[in-house]
Amino acid sequence: MENRMLTIEEEKKVVGGEAITLTAVLAIMAIGLLAIIAFKFFTSAEGKAVLPGGFTFQWN
């Protein structure tokens, strides 16, 4: 494959931003999940939350 300079028309067609969009969506999903867990944790009567992987948080 040979290297060459792009023309101005070709440069205008180059787009990006997929990685930052995916990162933003994943970050919002993670924040939402943590918010739901915190809400459930603080509003539940028994004060217990079980996360995947065997992590258990509880208070009396």
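Residues numbered from 1 in each chain as written. Predicted model: local features only at pLDDT ≥ 70, side-chain atom pairs only at ≥ 80, totals over all residues. Heavy atoms only, no water.

**Thoughts on the overall build of the protein chain**
Okay, so step 1: Looking only at helices and strands, one finds two helices and two strands in the protein chain.
Okay, so step 2: The principal-axis extent of the C-alpha atoms belonging to the protein chain is close to 70 × 20 × 10 Å.
Okay, so step 3: Total accessible area computed for the protein chain in this model is approximately 5,800 Å², and 69% of it derives from carbon and sulfur atoms.
Okay, so step 4: Across the protein chain, the mean location of the 5 positive side-chain charges is 11 Å away from that of the 6 negative side-chain charges. (Helix = DSSP H or I, 4+ residues; strand = E, 2+ residues; numbered from the N terminus. Areas by Shrake-Rupley, 256 points an atom, 1.4 Å probe, with all protein chains shown as cover. Lys, Arg positive; Asp, Glu negative; His and termini not counted. Charge placed at Lys NZ, Arg CZ, Asp CG, Glu CD.)

**Topic: the environment of Phe55**
Okay, so step 1: Relative to the assigned elements, Phe55 resides in strand β2 (residues 55-58).
Okay, so step 2: The spacing of Phe55 and Ala35 is 20 residues in sequence and 17 Å in space, taken between C-alpha atoms.
Okay, so step 3: Once residues lying within four places of it in the same chain are set aside, the contact partners of Phe55 are Ala49 and Val50. (Contact = heavy atoms within 4.5 Å.)

**Some points on the pattern of salt bridges**
Okay, so step 1: Under the defined criterion, the tally for this structure stands at one salt bridge.
Okay, so step 2: For Glu10, the salt bridge goes to Arg4, with nearest N and O atoms at 2.9 Å. (Salt bridge = Lys/Arg side-chain N within 4 Å of Asp/Glu carboxyl O.)

**Examining the pairing of strand β1 (residues 48-51)**
Okay, so step 1: Summarising the sheet, β1 and β2 pair through four bridges and their orientation is antiparallel. Bridge pairing in β2 links Lys48 to Gln58.
Okay, so step 2: Between the antiparallel neighbours β1 and β2 lie three residues, among them Gly53 with a positive phi of about 95°. (Pairing = 2+ DSSP bridges.)

**Digging into helix α2 (residues 18-43)**
Okay, so step 1: An ideal rise of 1.5 Å per residue puts 38 Å on 26 residues; α2 measures up with 37 Å between its terminal C-alpha atoms.
Okay, so step 2: Summarising burial for α2: one of the 26 residues are buried, a small minority. (Expected span 1.5 Å × (residues − 1). Buried < 20%, exposed > 50% of the residue type's maximum accessible area, 1.4 Å probe, protein only.)

**With respect to the confidence of the model for the protein chain**
Okay, so step 1: When the pLDDT values of the protein chain are averaged, the result is 85; 100% of them are 70 or greater.
Okay, so step 2: Considering each helix and strand of the protein chain separately, the mean pLDDT is smallest for β1, with a value of 76, and largest for helix α1 (residues 8-13), with 92. (pLDDT = per-residue confidence, 0-100.)

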